[in-house]
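Structural features, examined
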Amino acid sequence: MSEPTEQPKLSDVLRDRREKLDRIRDSGIEPFPHEFSGREDIAEVRAAHEGLVAGIETESRHRVAGRIVARRGHGKACFLDLRDGSGRLQLHAREDLLGEEAYALLVNLDLGDIVGVEGTALATRRGELSLALDRWRLLAKSLRPPPDKFHGLEDTETRFRRRELDLIANEESRRIFRVRAATISEIRRWLDEHAYVEVETPVLQPLYGGALARPFTTHHNALDRDLYLRIATELYLKRLVVGGIDRVYELGKDFRNEGVSHKHNPEFTMLEWYEAYADYEKTAHDLELLVSEVAERVLGTTKVKRGEVEIDFAPPWRRITLREAILERAGIDIAEHPSREALAKAMGTEPDPTEGWGKLVDGLLSREVEPGLIQPTFILDYPVELSPFAKAHRSEEGLVERWEAFVGGVEIANSFSELNDPDEQRRRFEQQARESERGDEEAQPYDESFVEALEQGMPPTGGVGLGIDRLVMMLTGTASLREVLLFPAMKT
RNA sequence: GCCCCUGUAGCUCAGUCGGUUAGAGCGGCGGCCUUUUAAGCCGCGCGUCGCGGGUUCGAAUCCCGCCGGGGGCACCA
């Protein structure tokens, strides 16, 4: 695709465009000039003439640039739709204003070409703001046809593999990625305003940790050693809390070697933040505040339509313990079945040898409870087996102080009162080693330098992980993670 | 990894109980048109019917395999 010679059979459409390019060059016009300075965003032009009455022609001059997305010819005059990153503007090209030659060249352009133009603002008799052109210049020739101007681009594969075409064709895609950008920007701003310090920790790690997941492995040639792509930032960030950064966050990508689904992508954007002297009740309060304020700033409301239902992010979110939630949805009281065998019997299944009691509880949660959690909900207090980095519950035996937040049937965040007792942490790692021997490929490897950091003394701390892609999914009302990832993982 | 669906023009799609030269709209090319906006009118089809094999007088259509995509299951955040 990189060399023209690799395209032996150009379709006529492509050939026509190349021939046009040749003719433009032959006539002495540079089809790829270096700049077009002094232009305004189309949105600024629109703002300057808001409410202009139909039929009025002004003498207000404007210089704009963008892609030609539609053309409606009328002989010696013609309408073109120009689009830049800020919006769309109609251009009115008239032969008497441009001169015969410039007009003919302009009309001869292809949809998709990028031009810079100059002219005066007017409102047509239908009231459409337009620019009556007296000068124009080709800024970049387009050699491939744009997607259908009416149907847009609908083929899922092309939309994801050639996202640039999707963005050219589909306003909804452009909206989703603007919401995504604004969401990330407002989250940063919220954390910065609450005195959190943003940091960057290693993506390439000698040892992975901080979540239950399988990692990607890579190799460092000069050091001749294998490294892992991080599955979480948790352990490094807690070492920074030990170091005295009382409020710390990192916003970046994690990598997990798992399948792809409407809510999973092998690389995804995660926010983790830690607050010294806080517990999981404080982090729950902060999350509902953060999300509702971000929604308000990005969307102007805390309410989002998601299919038929309306989700409201306004606090307080519902809080229910994991035990109550499972009892409510599955009719099983996990506290009355404290062993693996008893719980499996209550569920009416045979326990898989690799599944402990905690895994069975986790299965009940994801199958029976999670799909029904549409409005924002905190599920509280998890089995210790599933949470090697969470502190034991202050009053409930066998549980830890942990919550997960769910919206639209999807988990969007996870938090706990962080375990800061180094000896207990060591025992949890040993438990993980036993899970690993039993065949659990997501069990955590022992991390001595992390335990040593805890031995240095970490204050009581509350920590949160928030899945940014999933949050954006909820804020945009989309059904698949792939809609909010510019370039989602694809086969090959 | 398993199951189901799917792949036709640059784009959106029709055509599939096997049968002339594979169709439409948009886009493109040529012509008319100075306030249109999916502009309009007249003319022109621009194609490896995903790829490879098979059955058949004859395959876009039936069979087998492969590749890509979607959905579901499993698994994970």
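What follows covers the overall build of chain A. Counting its regular elements, chain A contains 15 helices and 18 strands. By its C-alpha atoms, chain A is 85 × 55 × 50 Å across when sized along the principal axes. When the 492 residues of chain A are sorted by exposure, 47% land in the buried category. Pairs at least 24 residues apart make up 65% of the contacts formed inside chain A by residues separated by at least 6 positions. Accessible surface, chain A as shown: approximately 24300 Å² in total, 49% of it carbon and sulfur. If you average the places of the 68 positive and of the 92 negative side-chain charges in chain A, the two averages end up 6 Å apart.

Turning our attention to helix α13 (residues 422-437). Between its first and last C-alpha, α13 extends 23 Å over 16 residues, near the 22 Å set by a 1.5 Å rise per residue. When α13 is considered as a whole, its buried residues turn out to be P422, Q425, R428, F429, Q432 and E435. In a view along the axis of α13, the buried residues occupy a sector of 115°, so they form one face of it. Lining the buried residues of α13 we find β16 (399-407) and α14 (448-456). Of the residues one or two after α13, G439 is the one with positive phi, at around 110°.

Residue placement: R428 occurs in helix α13. Only 2.9 Å separates the side chain of R428 from the backbone oxygen of S387, close enough to count as a polar contact. For R428, the contacting residues outside a window of four places in its chain are V384, S387, P388, F389, A390, K391, A392, V400 and L419.

In space, the three strands of this open sheet follow the order β7-β9-β8, with antiparallel pairing throughout. A single partner strand is all that each edge strand has here, and the edge strands are β7 (204-205) and β8 (217-220). In terms of strand pairing, β7 meets strand β9 (residues 225-229) through two bridges, oriented antiparallel. Pairing of L204 across the sheet is with L229, part of β9.

Per the stated rule, a full pass over the model turns up 48 salt bridges. Linking K141 and D110 is a salt bridge whose minimum nitrogen-to-oxygen distance equals 2.7 Å. Here K141 is found in the loop between β5 (129-140) and α5 (156-161), whereas its partner D110 is found in the loop between α4 (100-107) and β4 (114-123), with 31 residues between them in sequence. Each of the two residues, K141 as well as D110, counts as buried.

What counts, and where the lines are drawn
Residues numbered from 1 in each chain as written. Chains lettered and ligands numbered in written order. Predicted model: local features only at pLDDT ≥ 70, side-chain atom pairs only at ≥ 80, totals over all residues. Heavy atoms only, no water. Helix = DSSP H or I, 4+ residues; strand = E, 2+ residues; numbered from the N terminus. Buried < 20%, exposed > 50% of the residue type's maximum accessible area, 1.4 Å probe, protein only. Contact = heavy atoms within 4.5 Å. Areas by Shrake-Rupley, 256 points an atom, 1.4 Å probe, with all protein chains shown as cover. Lys, Arg positive; Asp, Glu negative; His and termini not counted. Charge placed at Lys NZ, Arg CZ, Asp CG, Glu CD. Expected span 1.5 Å × (residues − 1). Arc of directions from axis to C-beta. Polar contact = N/O pair within 3.5 Å; in protein donor to acceptor, adjacent residues only side chain to side chain. Pairing = 2+ DSSP bridges. Salt bridge = Lys/Arg side-chain N within 4 Å of Asp/Glu carboxyl O.

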